[in-house]
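# What the coordinates show
Listed below, chain by chain, are the residues.
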Amino acid sequence: MPFGNTHNQMKMNYSAEQEYPDLSKHNNHMAKVLTPAIYDRLRSKQTPSGFTLDDVIQTGVDNPGHPFIMTVGCVAGDEETYEVFKELLDPVIEDRHGGYKPSDKHKTDLNPDNLKGGDDLDPNYVLSSRVRTGRSIRGFCLPPHCSRGERRMVEKLSNEALDSLTGDLKGKYYALKNMTDAEQQQLIDDHFLFDKPVSPLLLASGMARDWPDARGIWHNDNKTFLVWVNEEDHLRVISMQKGGNMKEVFNRFCTGLTKIESLFKEKGHEFMWNEHLGYVLTCPSNLGTGLRAGVHMKLPNMSKHAKFEEVLKRLRLQKRGTGGVDTAAVGGVFDISNADRLGFSEVELVQMVVDGVKLLTEMEKRLEKGQSIDDLIPAQK
Amino acid sequence: MKGKKMASSFTRILSSKRNVGILSVVGGSVTAAFLFKREHVSAGGVPVRRIYPASAEYPDLRKHNNCMASHLTPAIYAKLCDKATPNGFTLDQAIQTGVDNPGHPFIKTVGMVAGDEESYEVFGDLLDPVITERHNGYDPRTMKHPTDLDASKIHSGQFDERYVLSSRVRTGRSIRGLSLPPACTRAERREVERVVIDALSGLKGDLTGRYYSLTQMTEKEQQQLIDDHFLFDKPVSPLLTCSGMARDWPDARGIWHNNEKTFLIWVNEEDHTRVISMEKGGNMKRVFERFCRGLKEVERLIQERGWEFMWNERLGYILTCPSNLGTGLRAGVHVKLPLLSKDPRFSKILDNLRLQKRGTGGVDTAAVGGTFDISNLDRLGHSEVQLVQTVIDGVNYLVECEKKLEKGQDIKVPPPIKQFK
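Residues numbered from 1 in each chain as written. Chains lettered and ligands numbered in written order. Predicted model: local features only at pLDDT ≥ 70, side-chain atom pairs only at ≥ 80, totals over all residues. Heavy atoms only, no water.

Moving on, we come to the sheet that holds strand β5 (residues 235–242) of chain A. All names here are of chain A. Within the open sheet, the eight strands sit side by side as β2-β3-β4-β5-β1-β8-β10-β9. Their pairing is antiparallel. Strands with a single pairing partner mark the edges of an open sheet, and in this sheet they are β2 (171–175) and β9 (317–320). Averaged over all pairs of adjacent strands, the angle between strand axes in this sheet comes to 20°, irrespective of strand direction. Relative to strand β8 (residues 292–298), strand β1 (residues 126–135) runs antiparallel, the two being bridged by six bridges. From the neighbouring strand, S128 faces β8, where its bridge partner is H296. (Pairing = 2+ DSSP bridges. Helix = DSSP H or I, 4+ residues; strand = E, 2+ residues; numbered from the N terminus. Axes fitted to C-alpha atoms, helices over the stretch in contact; angles between N-to-C directions.)

Residues and elements named next belong to chain B. Across the sheet, which stays open at both edges, the eight strands sit in the order β4-β5-β6-β7-β3-β10-β12-β11 with antiparallel pairing between neighbours. A strand with exactly one partner marks an edge of an open sheet, and here the two such strands are β4 (209–213) and β11 (355–358). On average, each strand axis in the sheet is tilted by 20° relative to the strand beside it, whichever way the strands run. Bridging between strand β10 (residues 330–336) and strand β12 (residues 371–376) involves five bridges; their strand directions are antiparallel. Pairing of H334 across the sheet is with D373, part of β12.

As a further point, take the environment of A293 of chain A. Residue and element names in this part refer to chain A. Relative to the helices and strands, A293 resides in strand β8. Residue classification places A293 among the buried residues on the basis of a relative accessible area of 0%. Here the alpha-carbon distance between A293 and I238, two residues 55 residues apart in the chain, equals 9.6 Å. (Buried < 20%, exposed > 50% of the residue type's maximum accessible area, 1.4 Å probe, protein only.)

Okay, the domain arrangement of chain A next. Residues and elements named next belong to chain A. Segmentation of chain A into domains returns domain 1 (3–95) and domain 2 (110–367). With 22 residues of domain 1 at the contact, the number on the domain 2 side is 23 residues. Contact between domain 1 and domain 2 buries roughly 1,800 Å² in total, counting both sides, with carbon and sulfur atoms accounting for 67%. The three residues of domain 1 that bury the most area against domain 2 are E79, Y82 and I93, which together make up 32% of that side's buried surface. Connecting domain 1 to domain 2 are one salt bridge. Here E79 and R138 are joined by a salt bridge, their closest N and O atoms 2.6 Å apart. Joining domain 1 to domain 2, the criterion identifies seven residue pairs in polar contact (both at pLDDT 80 or more). (Domains from an automatic or database assignment. Contact = heavy atoms within 4.5 Å. Buried area = accessible area lost by both parts, 1.4 Å probe. Salt bridge = Lys/Arg side-chain N within 4 Å of Asp/Glu carboxyl O. Polar contact = N/O pair within 3.5 Å; in protein donor to acceptor, adjacent residues only side chain to side chain.)

By the definition in use, this model includes 13 aromatic pairs over all chains. Plain terms: the ring middles of Y20 of chain A and Y39 of chain A are 5.6 Å apart, the flat faces sit at 80° to each other, and that makes the pair edge-to-face. With a gap of 19 residues between them, Y20 of chain A in the loop between α2 (16–19) and α3 (29–33) and Y39 of chain A in helix α4 (residues 36–42) connect regions that are remote in the sequence. As far as burial versus exposure is concerned, Y20 of chain A and Y39 of chain A are alike and both buried. Taking the centre distance of 5.7 Å and the plane angle of 75° together, the rings of Y58 of chain B and Y77 of chain B count as edge-to-face. (Phe/Tyr/Trp six-rings, centres within 6.5 Å; stacked < 30°, edge-to-face > 60°.)

Our focus in this paragraph is the packing of helix α7 (residues 186–200) of chain B against helix α10 (residues 284–304) of chain B. Residue and element names in this part refer to chain B. Relative orientation of the contacting elements α7 and α10 amounts to 115°, with a least axis distance of 9 Å. For the pair α7 and α10, the sense of crossing is right-handed. Two secondary-structure elements touch here, α7 through V195, A199 and L200 and α10 through V298, L301 and I302. (Left-handed = near helix turned anticlockwise from the far one by under 90°.)

A word on the nonpolar core. Generally speaking, soluble globular proteins have nonpolar side chains that are buried together. Ranked by size, the top nonpolar core spans 61 residues in total, and within it I175, M284, F288, L340, I374 and L398 of chain B carry the most contacts. Elements supplying a minimum of two residues to this core: β3 (164–173), α7, β6 (263–267), α10, β10, α11 (346–352), β12 and α12 (384–406) of chain B. Once residues within four sequence positions are removed from consideration, I374 of chain B is found in contact with A331, G332, V333, V335, L337, F346, L350, L355, Q356, K357, V395 and L398 of chain B. Of all hydrophobic cores here, the second largest spans 59 residues; its members include V311, I336, L360 and L367 of chain A. (Core = buried A, V, L, I, M, F, W, Y, C linked by side-chain atoms within 4.5 Å.)

Spelled out as structure tokens, the structure:
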């Protein structure tokens, strides 16, 4: 919760040692990196909007760890957080993003023509395809820190941009607080509706304040392009459809994003982006592309194979249950997506998913026939 | 302590223990070269970030039903939104829990908290009407709250133990000079813990006891505390978590109790301290006597060390939630009323006796097997002695009703107890 900023001066009356959090039982990226010395150097600072070190780390202090995944344990309250608190965030980023260095540059590539193949994932195995990312509007604080006025302005600007979309992207906005029961039910049936977060990882960061004020869902009439407004990020942009045509999904994704970006620019706004961190989002885990491209696919045999995890790791993929992060797989159907976000371009990541899913399909088919997959085991990407 | 006047809004009582330094430095720690668009410096000296006008920031309270929402007009919001207490606590922080939790159609929650003692002053334009509504017409601008911890004044304090299973009195106390749970820093919270357990270690006789820190308790200690029904958990109610009071859990939280397990103190849960005196059976007088004795002794011990409780004449003891101002006292019993509770007049009888019922799990629980938790409704405007006497008289009346119903006799609804207005 953003209670740290107005209090920051008062905290200086106590020594850094007196204020230092007890992280002895903690296992998240923030806890691995933060030391009393770093805390001492950073605690007197704040970003221009008043976000402080304690605001950054509160979620990691309140949530020692997660049973399945190594959580990040810190968030940004604005774009400047990544600069002002780089002494903490650079090592967290490096640890989380496979050794990404403070001097590294991130490539952005949203040209869907650069993707090879991807229109032919086997629909007998691949049930649906989806690509998501996030975008933040420069000049506005991020969800952990924004005021109601800012959040409403983000909603207003997003609405104006999305309203201008045409063709197969034409759609409509549903504000969470104004939704009718019928609209709500339809959005639930479409699996579009997002709820007030219940995860303490998110709540402790302050991003759920004032719910459901200025939150909403926009989607196109075809229900293949969806934007979440003011959930964990300013915008989450999702392209999805049933079946295995990832190329089409990615095409629409890129076209839509590019169009939205230019609509914002027309009004004098841009997305938070820089050449080191790529697109800037609330959680350090989503920096770079912020992209998760994935499929729901049937892998009842492969998932029982001893080398399943190893294969995924080598392909730079991760598995989740079909309810998303924090869920378990049901009926042998898995959510398979890219593990990386930063240090690879969008095209590169989607290519990894496309190639990886093809290989997993091959392996599944072999195992169905009782054949070995040893010769198919890939090298580490 | 009661002779001292509370400091005016914009000065602090600088206790000898605090090294309050730089309240007035505004730009010192801001590392970037550019300033906020509109910077308002509160009277306490802390800048309040304000980019949009108050009208753009005013919360949407149309679906809300809590005391804060009933009284926070756009005008009051505009007047208070740029202010901060000397600690830097703001209006938005005070009301966050009420914005996030619209409320229940039948139960009206308070919807705001204090971050420090000065909150009640700086945000008085909102808190005073909230207090008046919550406390049945008590007007903090004109009335004085009586404090009376002289247990010898209690009479008829032994209940019929065929009906009353247990007796309990609880209150809270805050340490002056340290921020309250919604706003405190980790160091402040640890200081509260240190001050309190240092004082408690001075308790003697039947009050001798020990402290169990939540971060360090062993599994065995934890199980014992659960079996004794003493252990408190990290709050899950969004009413509490949205206020920020659960931050850094379980750092600097703990439970102290005496060896006899009749006097118990929670440290850094919803308040700095919650003080509880309890025992099985119906000897409410003894429970209250130990309560008063223990409280006074703890107060004496902290004063020896240069600290005092937050208290003033208009609001009594200062606690996090405005609903607990005044005495902060809830005196109650677990009592078997299987027949009376089925009588349609039960609610009215309780109302007139200024009592409330809860399930035996505490607030938000249902009664089991006709056994109810019966306690005082009021907190502010009546003294501790008055409230406990009210509970004693009321519970005795309820037990009499139950006995009458057992014999097939009729019962009467008592006249309502006079309220101030």
